[in-house]
Each structure stands twice: as C-alpha cells, then as structure tokens.
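Working through the structure, step by step
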Amino acid sequence: MANKSRRWLNCVRRLLGVQGGKCFYCGQPIPEDVASIDHLVPRSAGGGRVGNLVVCCRSVNAFFGDAPLPLKLSAVSDPDFIRALSKWCLVVDRLR
C-alpha cells in the first residue's frame, strides 16, 4: 500500500509539473492533497495507459466520471462552463 501511495504521489507531482500546478480541466491551482488523477479516455473505454493521465480537482474528476473524451473536451472548451466549474470546484473543496 505504501508503494502504491508513493507511486500515486510521484505521478501527481510529475503531472502537476507538466500542467503548471493547475487542474487540467478548470485551470485552478491545485494542491497535491486535493488532486486526483484522471484518465482522459476512461479505463472502462480502454484508456488504461500512462500517457492517458492528467491531474485535476477531485470534484472535477467526480463530475466527469466515465464521460468520453469528446464530451470532456467539448465541455472544457466552453468559457462559461469553465467559469462555473472553477467556482464549483472552489466551493466543493472548501467543504472538505
């Protein structure tokens, strides 16, 4: 279990470095303790590869669930959606 946690934290740190410390979807700065690793293409749809990973807010990951990549990309390309999503993430993260 400790190895899995260490691997997870290393992956989060690496992805945060690549993503400039921000959630892939809402663009808000994201601390490691509220980060979640998301598969762009859901594992249920065959997206289990390492190059398929991004780091995002836990609340965003829960929101998208198993949504297909085209739906995720369509949603995040809408500036109004991103504004609403980033506000929602801040509220949800404060409640935790």
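Coordinates for the structure precede this section.
Now for a look at the structure at hand. (Residues numbered from 1 in each chain as written. Predicted model: local features only at pLDDT ≥ 70, side-chain atom pairs only at ≥ 80, totals over all residues. Heavy atoms only, no water.)

**Description of the overall build of the protein chain**
Quick reminder of the rule: The helix count covers DSSP runs of H or I at least four residues long, the strand count covers runs of E at least two residues long, and both are numbered beginning at the N terminus. Burial classes follow relative accessibility: with a 1.4 Å probe on protein chains only, a residue under 20% of its type's maximum area counts as buried, one over 50% as exposed, and anything between as partly exposed. Surface exposure here means Shrake-Rupley accessible area, sampled with a 1.4 Å probe, where a residue is shielded only by the protein chains that are shown.
Helix and strand counts for the protein chain stand at 4 helices and 2 strands. Secondary structure elements in the protein chain, listed N-terminal to C-terminal, are α-β-β-α-α-α. Taking all 96 residues of the protein chain together, 40% fall into the buried category. For the protein chain, the computed accessible surface area is about 6000 Å², with 59% contributed by carbon and sulfur atoms.

**Regarding the environment of V18**
Mapped onto the elements of the fold, V18 is located in helix α1 (residues 2–18). Considering only alpha carbons, one finds V18 and V55, 37 residues apart in sequence, at a separation of 9.6 Å.

**Re the nonpolar core**
Worth spelling out the cut-off: In this description, a nonpolar core means a group of buried Ala, Val, Leu, Ile, Met, Phe, Trp, Tyr and Cys residues linked to one another through side-chain atoms lying within 4.5 Å. The criterion used for residue contact is that any of the two residues' heavy atoms lie within 4.5 Å.
Counting 24 residues, the largest nonpolar core has C23, Y25, V60 and F64 as the members making the most contacts within it. Among the elements that take part in this core, strand β2 (residues 53–57) stands out by supplying 5 residues, more than any other. Leaving out residues up to four positions away in the same chain, F64 has contacts with Y25, K72, A75, V76 and F81.

**Considerations on the pairing of β2**
Rules: Only strands that DSSP links by at least two bridges are regarded as paired with each other.
Counting buried residues along β2, 5 of its 5 residues qualify, which places the element largely inside the surrounding structure. By the bridge criterion, 5 bridges tie strand β1 (residues 35–39) to β2 in an arrangement that is antiparallel. The residue of β2 that forms the bridge with D38 is V54.

**Some thoughts on the packing of aromatic side chains**
Two aromatic rings, taken as a pair, are described by how far apart their centres are and by the angle between their planes. The cut-off we apply is this: Only rings of Phe, Tyr and Trp enter the pairing, Trp through its six-membered ring, and a pair is recorded when the two centres are within 6.5 Å. The plane angle decides the type: under 30 degrees is stacked, over 60 is edge-to-face, the rest tilted.
Within the structure shown, the criterion is met by 3 aromatic pairs. Between F24 and Y25 the ring centres are 5.2 Å apart and the planes differ by 90°, which places this aromatic pair in the edge-to-face class. Under the relative-accessibility criterion, F24 is labelled partly exposed at 36%. Of the aromatic side chains, those joined through ring pairs into one cluster are F24, Y25, F63 and F64.

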